[in-house]
Amino acid sequence: MEAERHMGRSIASVTRDQILEAELSWISSLVLFYSTVYLVLRLDVLWVVFGIVALSLYVLPIVTSRDPFRALPWEMTIVLSLPILLHVSEGSRALRETAVWWDDLTSLAFAFSTSTIGFLLTIELRMFTSVRMNRPFAIFFVIMFTLAISGFWQVGEYVGDVVFGTQSQATNGAVMGIMLWSLVGGIAMGIVYDVYLKSMSAKRMKALGLVSLWEEPV
Amino acid sequence: MGGACVKERLKLLSRAMQAGMVAVVMAGLITGNFTWIPAALLSLFVSEVPSLLRRDLRLVLPIELNFWIVLALFFHVVAGFSGFYDRVPGWDHITHVLSASLVAALGFVLVVSIDKYVDSIYLPRPFLAFFIVMFTMAFGVVWELLEFGNDQLTGSRLQYSLSDSMIDMMFDAFGGTIVATAGAHYLTHTSPERFVESLQLDHARERVTKLVERRRGMS
């Protein structure tokens, strides 16, 4: 059993569904990867850091288990790569000028994705370090993490604007709006991930290697 | 005995600062300048909370922390009443570092206690430091949002400009980082167990369970 876990599974034991799931997840992660590479070329420092952190958290379980099917659930990978895609797509610039709610949408997507990183942190800290959290604490951590990252992010943009003369921040009101969305998104995703882990089937959880990660220590 | 002497002095200073807050209430009443009275009353109450905890729950916060609480409130209320926010450049940021470090310190006490008392939670020191920084920053963001909301709803001007609120948050992060570093350092030579014991949380817990049981017995 132990050896099997380390060596990865033989391809015969993998079901069609698992292959499909892993494919979806890998394709979504490619979006994240290429966006990050593109942003490296554009020297968009904050977003590059975001992309690298997200990618590392994505790759870590796969590399350590040497099992390509231990990829994150595809729905989480999509949530993770959505805001960076919105950020790089030229379409979002055109939309920003026509649709007033566009900025709110991108802020909310960003909040979803930072809370996903927070959630992944709770899981991977459990996997790779001695940190142990229980469910309420982990939910609190996800919400707090989302808020704090949005704070550091805005400070980072502010410093960038002052030092490099860029104009990523508009008005105080706009920045407060973004942080408000991160509060809303953080709380929403804290609840969503709680329900998500509770309702995920045991079989799928096991296949993804998420077994008992948020549960009480066995 | 040097330690005891310092403690006495801190206590005396705290009392003096509380007297200052009382003075603000009186001066406000006499001059008809009511703006700072609610803040002063609230601060007086908050500065008494540690003594209440000690009396009713036998929960002892470190004396330095008590002093820090009173100091932060004093800087806000008394200096605010004297117009420091308008006259002294950067006063806003000084109070932000103070209050952020206070939030971080309370977060530290909270999270170390959780670590000790909840069996399913274990937080090693580096993570603790990381947690404190994130906690303080998250609190700072909520704070700015509250200021913004207050400005929008009541037309007050707590936030001057974008750079003002961003620099506030920078100082929040600064205060949080200092406390996180100090806290992690503190725990290298005091075990979390000893720290939590010095808070007498066990007594407090007994008291609370007793109170709850009494309540249950009554209803």
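A. Just the overall build of chain A, in detail. From N to C terminus, chain A includes nine helices and zero strands. Evaluated residue by residue, chain A yields a buried proportion of 34% over its 218 residues.

B. The interface of chain B and chain A, seen in detail. Facing the 25 residues of chain B at the interface are 26 residues of chain A. Those elements giving two or more residues to the side of chain B that touches chain A turn out to be helix 6 (125–154) and helix 7 (162–189) of chain B. The biggest single contributor to the side of chain B that touches chain A is helix 6 of chain B, with 11 residues. Taken together, the residues of the side of chain B that touches chain A break down into 19 nonpolar, five polar and one charged.

C. Representation of unusual backbone geometry in the model. Residue and element names in this part refer to chain A. One non-glycine residue with positive phi stands out, namely L43, at about 55°. Judged by the 9 C-beta atoms lying within 10 Å of it, L43 falls in the exposed class. Its identity as a non-glycine residue notwithstanding, R66 has a phi of 50°, on the positive side. In this structure, R66 sits in the loop between helix 3 (45–65) and helix 4 (74–88). Given 11 C-beta atoms within 10 Å, R66 falls into the exposed group.

D. View of the domain arrangement of chain B. All names here are of chain B. Taken domain by domain, chain B comprises domain 1 (1–88) and domain 2 (89–219). Centre-to-centre, using C-alpha coordinates, domain 1 lies 18 Å away from domain 2. Residue-level contacts link 16 residues of domain 1 with 17 residues of domain 2. Of all the secondary structure elements, the ones that give two or more residues to the side of domain 1 that touches domain 2 are helix 3 (63–81) and helix 4 (84–87).

E. Seen up close, the confidence of the model for chain B. Summarising the model, chain B shows a mean pLDDT of 83, and 98% of its residues fall at 70 or more. The ipTM, which scores confidence in the relative placement of chains, is 0.84 for this predicted complex, and the corresponding pTM is 0.83.

Quick notes on the rules
Just so you know, the residues in each chain are numbered from 1, in the order the chain's sequence is written. Ligands are numbered from 1 and chains lettered from A, in the order in which they are written. In keeping with the model being predicted, local features are shown solely for residues with a pLDDT of at least 70 and side-chain atom pairs are shown and tallied solely at 80 or more, while totals for entire chains, interfaces and linings include all residues. Each helix is a run of H or I in the DSSP string that is no shorter than four residues. Each strand is a run of E no shorter than two, and both are numbered from the N terminus. Each residue is classified by how many other C-beta atoms fall within 10 Å of its C-beta atom, where C-beta atoms are placed from the backbone; a count of 20 or more means buried, 12 or fewer means exposed, and values in between mean partly exposed. For the purpose of contact definition, each residue receives a C-beta atom placed from its backbone, and two residues are in contact when these atoms lie within 7 Å. Charged means Asp, Glu, Lys or Arg here, nonpolar means Ala, Val, Leu, Ile, Met, Phe, Trp, Tyr, Cys or Pro, and polar covers whatever is left, Gly included. Those domain boundaries reflect an automatic or database domain assignment. The pLDDT value expresses, per residue, how confident the predictor is, ranging between 0 and 100.

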